[in-house]
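Given next are the chains, with one letter for each unit.
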Amino acid sequence: MSADYDMRNRADLQRVKEFANIRQFPDDMMAAFKEETENVLDALASEDARFAAILGPWRQFRDGIAEWHGLAERSFLDQQTQI
């Protein structure tokens, strides 16, 4: 599934680049998105005990997997694109 996702996104990105300038969001905007997302998640957790029970472990997983992908995927892609 992940490979299919990557393959389709790669092809779609090439089509979008034919008519659009692709840019990343600025860091301050991404930080604001993250802060507001966390606020919404916290608000939902305060209203729903089942959601709250899942949110803590999910955040631990999210943060751990982000660290892993930062090391594994980024270094692999950097190395591959320099060949």
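Novice: Explain the packing of helix α2 (residues 27–47) against helix α3 (residues 49–81) here, please?
Specialist: For any two helices packed against each other, one specifies the inter-axial angle together with the distance between the axes. In the contact formed by α2 and α3, the axes pass within 6 Å of each other and the chain directions differ by 145°. Residue-level inspection shows K34, E38, L41, D42, L44, A45 and E47 of α2 in contact with α3, the latter providing A49, F51, A52, L55, W58, R59 and R62. The class makeup of the residues in the contact of α2 with α3 is eight nonpolar, no polar and six charged.

Novice: In this structure, what is going on with the packing of aromatic side chains? I would like to understand it.
Specialist: Aromatic rings in a pair are described by how distant their centres are and how their planes are angled relative to each other. All chains considered together, the criterion is met by one aromatic pair. Between F25 and F33 the ring centres are 5.5 Å apart and the planes differ by 85°, which places this aromatic pair in the edge-to-face class. Look at F33 and you get partly exposed, because its relative accessible area is 41%.

Scoring rules and cut-offs
- Along each chain, numbering runs from 1 in the same order as the chain's sequence is written.
- It should be noted that, the model being predicted, local features are given only for residues of pLDDT at least 70 and side-chain atom pairs only at 80 or more, the latter also being counted only at that level, while totals for whole chains, interfaces and linings use all residues.
- As a rule here, side-chain values come from all non-hydrogen atoms in the structure, and water together with hydrogens is ignored.
- Only the stretch in contact is used when a helix axis is fitted, and all axes are lines through C-alpha atoms; the angle between N-to-C directions ranges over 0 to 180 degrees.
- Each helix is a run of H or I in the DSSP string that is no shorter than four residues. Each strand is a run of E no shorter than two, and both are numbered from the N terminus.
- In what follows, residue pairs with any heavy atoms lying within 4.5 Å of each other are defined as contacts.
- The nonpolar class holds Ala, Val, Leu, Ile, Met, Phe, Trp, Tyr, Cys and Pro. Asp, Glu, Lys and Arg form the charged class, and all remaining residues, Gly among them, are polar.
- Pairing of aromatic side chains here covers Phe, Tyr and the six-membered ring of Trp, requires ring centres within 6.5 Å, and sorts the geometry by plane angle: under 30 degrees stacked, over 60 edge-to-face, intermediate tilted.
- Burial classes follow relative accessibility: with a 1.4 Å probe on protein chains only, a residue under 20% of its type's maximum area counts as buried, one over 50% as exposed, and anything between as partly exposed.

Scope: geometric values only; no functional claims are made or implied.
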